[in-house]
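Residue-level structure breakdown
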Amino acid sequence: AVFEEINKSLDLPKEELAAFAEAVFYRFRNPFIKHQLASIALNSISKFKVRVLPSLLDYNNKCNRLPLHLTFTLACLIRFYKGEFKGNELPVNDEEAILKEMKEIWTIADYEKIAEEVLNKELFWGQDLTKIGDLKVKIAQALQLIDSEGIEKGFNQFASQFTAEVIE
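One structure accompanies this document, and this report is about it. Note that the coordinates shown come from a computational prediction; the quantities given were computed from them, not determined experimentally.

For the protein, the helix and strand inventory stands at 11 helices and 2 strands. Starting at the N terminus, the α and β elements of the protein follow one another as α-α-α-α-α-α-β-β-α-α-α-α-α. A buried classification covers 37% of the 168 residues belonging to the protein.

Given below as C-alpha cells:
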C-alpha cells in the first residue's frame with residue numbers, strides 16, 4: 001500500500017517518497033512505541049478522511065482505477081465500526097453522531113446497501129464517495145468477503161478478483 005498506492009498518489013521526489021515510507025515503517029517497528037488498538041482506533045473515520053482518503057482519491061484520479069489495498073482498508077474500517085468481529089467486541093470510539101449512524105447502518109443485512117449508506121455520508125468523508133467509480137461495489141464485495149472468509153482470506157480473494165478485473 002505504501003509503495004504502490006500511497007507513494008504513487010504523492011507528487012514528491014523519489015528520495016522523499018522513500019524517506020517517507022521508511023519513516024512509517026520505522027515507527028511501526030520501534031519496540032518502544034506501544035501501538036494499542038484502542039488508541040489507534042480512536043476517531044478512525046476522521047483519521048482515515050485526513051490521512052488515507054486523499055491517497056485513495058489521488059491514486060484513483062492519477063491511475064484511473066481504485067487502489068487495491070486502500071480500498072480494502074476502507075472496507076476494513078467500515079467493518080470495524082460494526083463493533084464486533086467473530087464474537088469479540090472491538091474498541092470503537094468516535095463522535096456520538098458517527099457511532100449512532102454506524103450502529104443504524106449495521107442493522108442493514110445487504111452489503112451493497114451498507115456500502116452505499118456509509119460512503120454517501122458527507123458527515124464522515126466531507127463528500128459523497130458513492131460518486132467515485134465503482135468504490136461502492138468494491139466496498140460491498142470486500143465487506144462480504146471479510147465476513148465470510150476473514151481478513152486474510154477475504155483480502156486474498158478480493159485481490160484476485162480485483163486484479164482479474166484490472167487485467168480485463
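This part is about unusual backbone geometry. Positive phi, normally seen in glycine, also occurs at Asn 64, with a value near 60°. Following the sequence through the fold, Asn 64 ends up in the loop between helix 5 (53-63) and helix 6 (68-80). The backbone of Lys 86 shows a phi angle near 55°, a positive value even though the residue is not glycine.

The next point concerns the packing of helix 8 (residues 111-119) against helix 10 (residues 135-149). The angle between the axes and the distance between the axes are what describe a pair of packed helices. Close contact between helix 8 and helix 10 brings their axes to 8 Å; oriented N to C, the two are set at 125°. The pairing of helix 8 with helix 10 is recorded here as oblique in orientation. Like other packed secondary-structure pairs, helix 8 and helix 10 cross with a definite hand, here right-handed. Two secondary-structure elements touch here, helix 8 through Tyr 111, Glu 112, Ile 114, Ala 115, Glu 116 and Leu 119 and helix 10 through Leu 135, Lys 136, Ile 139, Ala 140, Leu 143, Gln 144 and Asp 147. Partitioned by chemical class, the residues of the contact of helix 8 with helix 10 number 8 nonpolar, 1 polar and 4 charged.

Turning our eyes to something else, we now look at the packing of aromatic side chains. Scanning all chains against the criterion turns up 6 aromatic pairs. On the numbers, 5.4 Å between centres and 45° between planes, the contact of Phe 72 with Phe 158 is tilted. Placement of Phe 72 in helix 6 and of Phe 158 in helix 11 (residues 151-167) is noted, with a sequence separation of 86 residues between them. Assigned by exposure class, Phe 72 and Phe 158 land together as buried. Taken together, a centroid distance of 6.0 Å and an interplanar angle of 85° make the contact between Phe 124 and Trp 125 edge-to-face.

Right, let's talk about the pattern of salt bridges for a bit. Under the criterion given, the structure shown has 8 salt bridges. Between Lys 121 and Glu 101 there is a salt bridge, and its shortest N-O distance comes to 3.4 Å. Residue Lys 121 is located in the loop between helix 8 and helix 9 (122-125), and its partner Glu 101 is located in helix 7 (residues 96-105); the two are separated by 20 residues in the primary sequence. Residue classification places Glu 101 among the partly exposed positions, given a relative accessible area of 28%. One connected set of salt bridges, linked through shared partners, spans Arg 79, Lys 82, Glu 84 and Asp 147.

On to helix 7, then. Burial in helix 7 covers these residues: Ile 98, Met 102 and Ile 105. Seen from one end, helix 7 has its buried residues packed into an arc of 60°, which puts them on one side. Of the residues in helix 7, the exposed ones pointing more than 90 degrees away from the buried face are Glu 96, Lys 100, Lys 103 and Glu 104. Those residues of helix 7 that are buried lie in contact with helix 4 (44-51), helix 6, helix 8 and helix 9.

For Pro 54, the position within the fold is in helix 5. Among the residues examined, Pro 54 registers a relative accessible area of 35% and is labelled partly exposed. Distance from Pro 54 to Ile 6, taken between C-alpha atoms, is 9.1 Å for residues 48 residues apart in sequence. Setting aside residues no more than four positions away along its own chain, Pro 54 makes contact with Phe 48 and Lys 49.

What counts, and at which threshold
- Residues numbered from 1 in each chain as written.
- Predicted model: local features only at pLDDT ≥ 70, side-chain atom pairs only at ≥ 80, totals over all residues.
- Heavy atoms only, no water.
- Helix = DSSP H or I, 4+ residues; strand = E, 2+ residues; numbered from the N terminus.
- Buried < 20%, exposed > 50% of the residue type's maximum accessible area, 1.4 Å probe, protein only.
- Axes fitted to C-alpha atoms, helices over the stretch in contact; angles between N-to-C directions.
- Parallel < 35°, antiparallel > 145°, perpendicular 65-115°, else oblique.
- Left-handed = near helix turned anticlockwise from the far one by under 90°.
- Contact = heavy atoms within 4.5 Å.
- Nonpolar A, V, L, I, M, F, W, Y, C, P; charged D, E, K, R; others polar.
- Phe/Tyr/Trp six-rings, centres within 6.5 Å; stacked < 30°, edge-to-face > 60°.
- Salt bridge = Lys/Arg side-chain N within 4 Å of Asp/Glu carboxyl O.
- Arc of directions from axis to C-beta.

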